[in-house]
Each structure stands twice: as structure tokens, then as C-alpha cells.
Amino acid sequence: MKKKIHDKHFVPFLSEAQIQDAVKRIGQQINQDYKDVSPLFIAILNGSFMFASDLFKQLEINAEISFIKLASYKGTSSTGTVVTAIGLEATLHNRDVVIIEDIVDTGKTLSAFIPQILDHHPHSLKICSLLHKKEATVHPIKIDYLGFEIPDLFVVGYGLDYDGLGRNLHQIMQVEN
Ligand code: 5GP
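Residues numbered from 1 in each chain as written. Predicted model: local features only at pLDDT ≥ 70, side-chain atom pairs only at ≥ 80, totals over all residues. Heavy atoms only, no water.

## Some words on helix α3 (residues 108–118)
Then step 1. Looking at α3, one finds that the buried residues are Leu110, Ala112, Phe113, Ile114 and Ile117.
Then step 2. If you follow the buried residues of α3, they end up packed against β3 (40–45), β4 (64–74), β5 (81–86), β6 (96–104) and β7 (124–132). (Buried < 20%, exposed > 50% of the residue type's maximum accessible area, 1.4 Å probe, protein only. Helix = DSSP H or I, 4+ residues; strand = E, 2+ residues; numbered from the N terminus. Contact = heavy atoms within 4.5 Å.)

Here it is in C-alpha cells:
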């Protein structure tokens, strides 16, 4: 069924069942990979709140989670995009850190944020994202745990918004062309 949000129409793209299957698959991989350590998950708000919550429920290992916001602004031409992490209180030194993102588009946000995490000298750092728009890549990011590779189209739902709305959808919808 179509859905109108603000001025745009959206059509179904990934069903609730497809998303939940991917969340289970990623959860199982993480349970395997981290069975002897207790990782620290850093979920990036707002978009990843639903994915982070469902994924965290799949974990059978000991794990911590912390939610942060990234504020990005344009720096000078030499510094490029500058990203400030709000709410990053956990000590990352020597921790096994997993960043949880909703979607990696150009890769700009994570490519600015990852070096800041590495400055804290974690024991390991992995990236988990529900969606990845490979065709939109400007800054290549190695995604260790991925739900879906998607074409370069605008999507909403399951935490992702269009101008504030649409986050409550259980499915992911794409903008109608
Ligand atoms: P990047 O820095 O990788 O270009 O962009 C990442 C951020 O852009 C995501 O965390 C998300 O907030 C936003 N974004 C990118 N593509 C989409 C999309 O198709 N739909 C929505 N709702 N947000 C997107």
C-alpha cells in the first residue's frame, strides 16, 4: 500500500519480515563473533533507534549499548565535514566497539566519525548498518555487518524519516518516481 508523507508518495520496498530476518541474521553473526568478549554498541540517533533496539534483543552475549547523536557541520576546506558526537560518555579505550547505523549513503558521516573513535584506542572497531547505498559512495566505508545493499533511492520507515515523519513504519518504503 502506498503512503503519502508531506509532499511525496512512498511505495513498499522492504517488508517487516525481510527486515526482521536480516536483524536475526546479523544478531547471530554478532553472537558468534563476540561470544568471549562484551562489546560496546554505539547506536547513532535518531535513525538507528529501532534497528538498534531489535538487534540488541537478538544478542545472547554480554553487551552494553550507548546512544549518541552526531552533529555535523562544514569545516574549512582542509578539515572537510566536522562531526561532533553528543552523549559519548563511555570509555572506549581497549573496548570492542560496534557502531550501529541506519544507513550508509555517501559515507561522509562515518568517515568523519570513525577517526574520532579510533583516537580513543578501542581494542577493535566494527561497523554495522541496516542499509548501504553502494552507488552513492563518496567515502568508502567497510561495513562488517550489513542488512541490505540498496539502490541510490530515498527510503523511509523503521526509524528513518522524511522531514521528521515516517519513523514509526514497520517496513521500509521507497519514494515513488
Ligand atoms: P552519509 O553521511 O553516509 O551520506 O549519510 C548518512 C545519513 O544520511 C544517514 O544516517 C541518514 O540519516 C541520512 N540518509 C541517507 N540516505 C537516506 C535515505 O534514503 N533516507 C533517509 N531517511 N535518510 C537517509
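Still more ground to cover, so stick around.
## Comments concerning the sheet that holds strand β9 (residues 155–156)
Then step 1. Pairing is antiparallel in the open sheet, where four strands are placed in the order β1-β2-β10-β9. A single partner strand is all that each edge strand has here, and the edge strands are β1 (3–5) and β9.
Then step 2. Of the strand pairs in this sheet, β9 and strand β10 (residues 172–175) are connected by two bridges, and their pairing is antiparallel. Within β10, the position partnered with valine 156 by the bridge is methionine 173. (Pairing = 2+ DSSP bridges.)

## Considerations on the side chain of serine 129
Then step 1. Examined against the element boundaries, serine 129 turns out to sit in strand β7.
Then step 2. In this view, serine 129 contacts Phe51, Glu101, Asp102, Ile103, Val104, Ile143, Tyr145, Leu146 and Gly147; residues no more than four positions away in its chain are not counted.

## Thoughts on the site of the ligand
Then step 1. In the neighbourhood of the ligand, 15 residues make up the surrounding shell, with Thr106, Gly107, Thr109, Val155 and Asp161 lying closest.
Then step 2. Within the backbone of lysine 108, one N or O atom sits 3.4 Å away from an oxygen atom of the ligand.
Then step 3. A distance of 2.7 Å separates a nitrogen atom of the ligand from a polar backbone atom of aspartate 161.
Then step 4. For the ligand, whose unbound accessible area comes to 510 Å², protein coverage reaches 79%. (Near = heavy atom within 4 Å. Polar contact = N/O pair within 3.5 Å; in protein donor to acceptor, adjacent residues only side chain to side chain. Areas by Shrake-Rupley, 256 points an atom, 1.4 Å probe, with all protein chains shown as cover.)

## Brief notes about the pairing of β4
Then step 1. Pairing of β3 with β4, which is carried by six bridges, proceeds in the parallel orientation. Residue isoleucine 44 lies in a different strand from β4, and its bridge partner there is isoleucine 68.

## Focus: the packing of helix α1 (residues 16–33) against helix α2 (residues 49–57)
Then step 1. Between α1 and α2, whose axes approach to 9 Å, the crossing angle comes to 55°. Taken as axis vectors, α1 and α2 run oblique relative to one another. Judged by the twist between their axes, the crossing of α1 over α2 is right-handed. Contacts between α1 and α2 involve Gln20, Val23, Ile26, Gly27 and Ile30 from the first element and Phe51, Asp54 and Leu55 from the second.
Then step 2. Within the contact of α1 with α2, the residues separate by chemical class into five nonpolar, two polar and one charged. (Axes fitted to C-alpha atoms, helices over the stretch in contact; angles between N-to-C directions. Parallel < 35°, antiparallel > 145°, perpendicular 65-115°, else oblique. Left-handed = near helix turned anticlockwise from the far one by under 90°. Nonpolar A, V, L, I, M, F, W, Y, C, P; charged D, E, K, R; others polar.)

## Considering the packing of aromatic side chains
Then step 1. Here the structure, examined in full by the defined rule, presents four aromatic pairs.
Then step 2. With 5.9 Å between their ring centres and 55° between their planes, phenylalanine 10 and tyrosine 162 make a pair best called tilted. With phenylalanine 10 in strand β2 (residues 8–14) and tyrosine 162 in the loop between β9 and β10, the pair connects residues that are 152 residues apart, well separated along the chain.
Then step 3. Classification of phenylalanine 10 as buried rests on a relative accessible area of 0%. (Phe/Tyr/Trp six-rings, centres within 6.5 Å; stacked < 30°, edge-to-face > 60°.)

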